[in-house]
Every structure is written in structure tokens, then in C-alpha cells.
Amino acid sequence: MKAGASELIRTFDEIMETKPQHEDEPTGVLTLTFLGTRGEIEVRSRQHRRHSALLVEYKKARIMIDCGVDWLRQLQTVEPTAIVLTHAHPDHAGGLARGAPCPVYGTPETHALLARFPISDRRVISPEKPFAIGGVRFRACRVEHSIRAPAVGYRVSVTSSSFFYLPDVARLPDPSKALRGIGLYIGDGATLRRSMLRSRGRALIGHATITAQLAWCAKAHVRRAIFTHCGSPIVRGDVRLVSATIQKLGCENELDAHLACDGDRLHLIANVTRKRV
Ligand SMILES: [Zn+2]
Ligand SMILES: [Zn+2]
């Protein structure tokens, strides 16, 4: 296993070490696997080979969040029981061009943009209206990123454990409210410090910097962050140097921050009191 992956597993096993809230409550383990961590860019590397997608495993559920072009003809290796989409850009939904072996969840705008895809089981979700898949609760939160392909992030929870998945974001409205009570933020790694934002009237499009997202987390008292959907400078860079830079930027915001690489896996223990760090 590559250094990046084992390091992430070790780190999160340590910090996620927790105690059950009540002795009689069963402890469930939510396993997150970073299937892919590459953004919509030309380059790829061993650590960032495929478009960003996260597999959420809980009991019998295997929920894949996003399914970009790199996942076309690869879904049989993932065997998802559900696919949840953040938006309709090709690096998030292009892998569904030949349909899906399971229900596909997305907003009305996302499904409309994918109308030409032969998806047989479409589930339309509404932002801010919670829904559940196999015991895992989701709530979509609208974010600014694209006018043509409106995007959402997801608050994902099992009992008292929760994380927020937001691979593409220009601006998160009211971060303190959106991220309240979140144990882990998984964010947009398109750019470390260089702005990739553009204005369209009053709207912002593009990608917020990792630095800006860490500031949102700090404001919302989120203490852990991982960045996926990596941009060209990160994918081309030395993985150890980039990891160290993200950790340093995290420290400046009193956050435990990491770079995600393809194959990285971490376990969140449900029904637990979060350990203070
Ligand atoms: Zn993207
Ligand atoms: Zn996008």
C-alpha cells in the first residue's frame, strides 16, 4: 500500500478512537473509501488517477457519491447499491453515460442535465430535505460553483457521526450553519492558495481555495478536513510535499487537515461521543 493511504488510515484510526455513548447502543462502523481524487483536469498520477468519488459503506449499503467519466465501464468493480450526485459536470456524473446498476439520487437540475443518460431508477431529491439510504442519512446543501450545473454538498450522518462532502465549491453560503456539528469536512482540492473564482453577476463560479475552506471549517468549529478533487498543481506535485503543506495550512487554522489519495480509507465509528482534539 502506498505511503499516503496507510498514513491516512493510521491518523484517522487514532483520532476517531472513541467510546460508546451508551453501553447498550450497538456500535456501527461507517467506512469511507476515496475511490478517486482527481478533479476535471488533463493530468493524472498514481495517487490521483480517477475522478473524485467516495464510497460510503454502512452495513449492507455501498453508496457511491459522484461517478465521473473515469468510472465509465468501471461500476462493476465498485458494485454500488446507490449513487448520489453532487452535480452534473462530467467529472462527477459522466460515468453514468451507459446507465447505472442501482438507483441514482440527484437534484431536479442534475437529473434534467443527465436526461439523455439511460438511468432507469432516478430518485429526485430536494436540497435541505433529508433522505436516507440503507440507514445513512443525507441532506443536500446548495452551494455556488456553476450556473449551468447547480451543485450541492452533502451532510452525511449515521446516528451521532457526521461528515460533509463538498468536492466542488466556489462559495458555501453561511458555513457556520452548513457545517454545524460536523465531525469531518471533505472538500475541494482544486487549488491550495491561488484563486480559481470568477464572478457571474452576483454569483461566484469555480473553486474556492483550500485556505478559504479551512477558514470556513475553523469558523464552524470543524476540526478535521480532507481534500479530494485535486487540481493540476497538486496532482503534478510531490505527494509528500503537498500533504505536508495541507497539514501546515490546517495547523494554522487549528485543524487536522490531509490530502486524500485514491484508495485512502477511513473508518468513522457511529453511536459514539466525539473525542475532543
Ligand atoms: Zn469537479
Ligand atoms: Zn464541477
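Located above this text is the structure these notes cover.
Owing to the predicted nature of the structure, the values given are computational and were not obtained by experimental measurement.

J.: Sorry if this is basic, but what is going on with unusual backbone geometry here?
T.: Most peptide bonds are trans, and most residues other than glycine sit at a negative phi. Of note, the phi angle at glutamate 79 is positive, near 50°, even though the residue is not glycine. Summarising the element assignment, glutamate 79 is placed in the loop between helix H2 (75-78) and strand S5 (82-84). According to the C-beta neighbour criterion, glutamate 79 is exposed, with 11 such atoms within 10 Å. At glutamate 128, a position not held by glycine, the phi torsion is positive, near 75°. With respect to the helices and strands, the residue glutamate 128 is situated in the loop between strand S7 (122-124) and strand S8 (131-133).

J.: For this particular structure, what's the right way to read the pairing of strand S12 (residues 184-188)?
T.: Consecutive side chains of a regular strand alternate in pointing toward one face of the sheet and then the other. Of all five residues in S12, five are buried; the element is thus mostly enclosed. Pairing between strand S11 (residues 161-165) and S12: three bridges, direction parallel. For tyrosine 165, the partnering residue across the bridge sits in S12 and is isoleucine 186. Pairing of S12 with strand S15 (residues 224-228), which is carried by four bridges, proceeds in the parallel orientation. Paired with glycine 187 across the bridge in S15 is phenylalanine 227.

J.: For this particular structure, what's the right way to read helix H8 (residues 239-252)?
T.: Note on helix geometry: an α-helix contains 3.6 residues per turn, so any two residues three or four positions apart are oriented the same way. In this model H8 runs 20 Å from its N-terminal to its C-terminal C-alpha over 14 residues, within 8% of the 20 Å that 1.5 Å per residue would give. For H8, the complete set of buried residues consists of Val242, Ser243, Ile246, Leu249 and Gly250. Buried residues of H8, viewed axially, fall in a sector of 125°; they line one side. Counted as exposed and oriented over 90 degrees from the buried face of H8: Arg240, Leu241, Ala244, Lys248, Cys251 and Glu252. Just beyond H8, the residue with positive phi is glutamate 254, at close to 60°.

Rules and cut-offs
Residues numbered from 1 in each chain as written. Chains lettered and ligands numbered in written order. Predicted model: local features only at pLDDT ≥ 70, side-chain atom pairs only at ≥ 80, totals over all residues. Helix = DSSP H or I, 4+ residues; strand = E, 2+ residues; numbered from the N terminus. Buried ≥ 20, exposed ≤ 12 C-beta atoms within 10 Å, placed from the backbone. Pairing = 2+ DSSP bridges. Expected span 1.5 Å × (residues − 1). Arc of directions from axis to C-beta.

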